[in-house]
Amino acid sequence: RGEQMDYEFIRVARDQAVGIITLHRPEVLNALNLKLVDELVEALENMDRDDSVRTIVLTGNEKAFAAGADIDEMADETAISMLLKDQFTVWDRIATINKPIIAAVSGYVLGGGCELMMNCDIVIASETTKIGQPEINLGVMPGAGGTQRLTKMVGKVKAMEMLLTGSPISAEEALRYGLVNKVVPVEMYLQEAVTLAKKIAAKPPLAVRLIKKSVLKAIDNPLSEGLAYERNCFYLLFASEDQTEGMRAFVEKRKPKFTGR
Ligand code: CAA
C-alpha cells in the first residue's frame, strides 16, 4: 500500500472494515521512540477519519507488544529538556480516537507498552504476555498515565505492588485483575482480536462511537455527570437512521442493515 511507505516504525493493513496497526521495531522489542509514537497517533487519526474503517486492532509481535519507552532516547535527557520536549502530550490524542481500539498483545508489555495497552478499549492477550511498569528500576516512574490508569483498572494495592516492585504479572493474573479481556494461545491472539474487531465493526457505528465515549466518561467524571452524558447520547441516537432501522428490524423479525447514519 502506498500509505505504508510513509511509516518507518509501524505497519498498517486492512482486513475488511478493521484497520490493523502493527508496531514494528522488532530489534528493540518495539521500544517506543518519539517517531514511533508520532506515527502511531497519525495512523490512528487517519483510521478514525476513514469511514470505511470501523474498528482498529493495535498489535506488536509475539515477543513484544512494546518493552516501554525508548530508554536510549531518554538516557541523556535533563528535566528541562524533557519539559520542553513534552513527549507525553501526544499520547493524549490516543484517548480522543472515536473508534474502538482492540489491543492484541503478546510477550513484553512493559512501561510505556503497558500504558499504551491501557489506552486501548479491549485487550486480547497471548498466554506468554508479561505486563508491568518497571520504570522504578530505572530510577524513574511512569509518565504516560501508568500510575493513574493502572490504579483505576486494578485497584490501589495491586497497582502499588506492580509500580513499587516493577515486577511484571502474567497474562492469567492480568485477566484476574481486569487488565485484559481474554487470554488465548500465542498462535491465536491476533486472529482472536481481529474476529472481535469484525464483530464490533458490524454494529451501528454511531452507537459504537457514543458507547465508547460514554464508558470513557465514567473513568474521570462523577457518576451524575456520566449519567447525564449517557442520557444525552441515548436520546441523540434517536436522530439516527440506524435506530429506526434497528428497532423496525426487530419488530419485523429480520436482520437490521446498519449504514452509520
Ligand atoms: N528501550 C530501548 N531499548 C530497549 C528497550 C527499551 N525500553 N527494551 C529493550 N530494548 C532493546 C535492548 O537494549 C536490546 O538491544 P540490543 O540488542 O541492541 O542490546 C534489545 O531490545 C533486546 O533486549 P534484551 O537483550 O534486553 O532482551 P531480553 O530478552 O534479555 O530482556 C526485557 C527483555 C526484560 C524486556 C529487557 O529488554 C528490559 O528490561 N527492557 C526495558 C524495560 C523497561 O524498563 N521499560 C520501561 C521503559 S521507561 C518508560 O516506559 C517510561 C514511560 O512511562 C513511558
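These notes cover the structure that comes with them. On a predicted model such as this, the values are computed, not experimentally measured, just so you know. (Residues numbered from 1 in each chain as written. Predicted model: local features only at pLDDT ≥ 70, side-chain atom pairs only at ≥ 80, totals over all residues. Heavy atoms only, no water.)

A separate point is the overall build of the protein. What the protein contains, in helices and strands, is eleven helices and ten strands. For 261 residues, the compact-globule estimate of 2.2 N^0.38 gives 18 Å, and the C-alpha radius of gyration of the protein, at 19 Å, lies within 12% of that figure. Split into buried and exposed, the 261 residues of the protein put 44% on the buried side. By element, 57% of the accessible surface of the protein is carried by carbon and sulfur atoms, the whole surface being about 14,100 Å². Taking the average place of the 32 positive charges on the side chains of the protein and the average place of its 36 negative ones, the gap between the two points comes to 9 Å. (Helix = DSSP H or I, 4+ residues; strand = E, 2+ residues; numbered from the N terminus. Rg over C-alpha atoms; globule rule 2.2 N^0.38 Å. Buried < 20%, exposed > 50% of the residue type's maximum accessible area, 1.4 Å probe, protein only. Areas by Shrake-Rupley, 256 points an atom, 1.4 Å probe, with all protein chains shown as cover. Lys, Arg positive; Asp, Glu negative; His and termini not counted. Charge placed at Lys NZ, Arg CZ, Asp CG, Glu CD.)

Right, let's get into the site of the ligand. Every one of the 22 residues lining the ligand counts as a neighbour, but Ala 69, Ile 71, Gly 112, Glu 115 and Gly 143 are closest to it. Between the ligand and the protein, one listed contact pairs a nitrogen atom with a backbone N or O atom of Ile 71 at 2.9 Å. Between an oxygen atom of the ligand and a main-chain N or O atom of Gly 112, the distance comes to 2.9 Å. Burial of the ligand by the surrounding chains reaches 62%, relative to a free accessible area of 980 Å². Where the shell around the ligand is concerned, the elements lending two or more residues are α2 (71-74), β6 (108-110) and α4 (112-118). (Near = heavy atom within 4 Å. Polar contact = N/O pair within 3.5 Å; in protein donor to acceptor, adjacent residues only side chain to side chain.)

Within the element layout of this structure, Met 82 appears in helix α3 (residues 79-85). It is 31 Å that separates the C-alpha atoms of Met 82 and Lys 213, two residues lying 131 residues apart in sequence. Excluding residues within four positions of it along the chain, Met 82 makes contact with Met 74, Glu 77 and Gln 87. (Contact = heavy atoms within 4.5 Å.)

Summed over all chains, the structure comprises one cavity of 30 Å³ or more. Within this model, the largest cavity holds a volume of roughly 60 Å³. In this structure, the largest cavity is lined by Leu 32, Asn 33, Leu 34, Val 37, Ala 69, Glu 73, Gln 87, Phe 88 and Trp 91. When the residues that make up the lining of the largest cavity are grouped by side-chain class, the tally is six nonpolar, two polar and one charged. (1 Å grid on protein atoms, 1.4 Å probe; cavity = no way out; pocket = protein on both sides within 12 Å on 5 of 7 lines; lining within 4 Å. Points joined across faces, edges and corners; volume = space filled by probe spheres on them. Nonpolar A, V, L, I, M, F, W, Y, C, P; charged D, E, K, R; others polar.)

Moving on: the layout of surface pockets. When its volume is computed, the largest pocket comes out at roughly 970 Å³. For the lining of the largest pocket, the secondary structure elements donating two or more residues are α4, β7 (122-126), α5 (146-154) and α9 (205-219). The greatest single-element share of the lining of the largest pocket, amounting to nine residues, is contributed by α9. Considered as a void within the structure, the second largest pocket measures approximately 570 Å³ in volume. Looking at the lining of the second largest pocket, the elements that each hand over two or more residues are α2 and α4. In the lining of the second largest pocket, the residues fall into 14 nonpolar, six polar and four charged.

Before going further, it helps to spend a moment on helix α11 (residues 241-251). Within the sequence span of α11, burial applies to Asp 242, Gln 243, Glu 245 and Ala 249. Two residues or fewer past α11, Lys 253 is found with a positive phi of approximately 55 degrees.

Here we come to helix α1 (residues 34-49). Quick reminder: α-helices carry 3.6 residues per turn. Residues three or four places apart thus point the same way. Compared with an ideal rise of 1.5 Å per residue, which puts 16 residues at 22 Å, α1 spans 23 Å between its outermost C-alpha atoms and is within 8% of the ideal. Among all positions of α1, only Leu 36, Val 37, Glu 39, Leu 40, Val 41, Ala 43, Leu 44, Glu 45, Met 47 and Asp 48 are buried. In the core, the buried residues of α1 are packed alongside β1 (10-15), β2 (18-23), β3 (55-59), β5 (101-105) and α4. (Expected span 1.5 Å × (residues − 1).)

Looking now at a negative patch on the surface. Taken together, Glu 62, Glu 127, Glu 172 and Glu 187 make up a surface patch of like negative charges. Note that Glu 127 resides in the loop between β7 and β8 (130-132). Owing to a relative accessible area of 54%, Glu 127 belongs among the exposed residues under this scheme. (Patch = residues over 30% accessible without salt bridge, like charges linked within 9 Å, V, L, I, M, F, W, Y side chains within 5 Å. Salt bridge = Lys/Arg side-chain N within 4 Å of Asp/Glu carboxyl O.)

What the four strands build is an open sheet, ordered β4-β6-β8-β9; its pairing is mixed. This sheet does not close on itself; its edge strands, each paired only once, are β4 (64-66) and β9 (169-170). In terms of strand pairing, β8 meets β9 through two bridges, oriented antiparallel. The partner of Lys 130 across the bridge, within β9, is Ser 170. (Pairing = 2+ DSSP bridges.)

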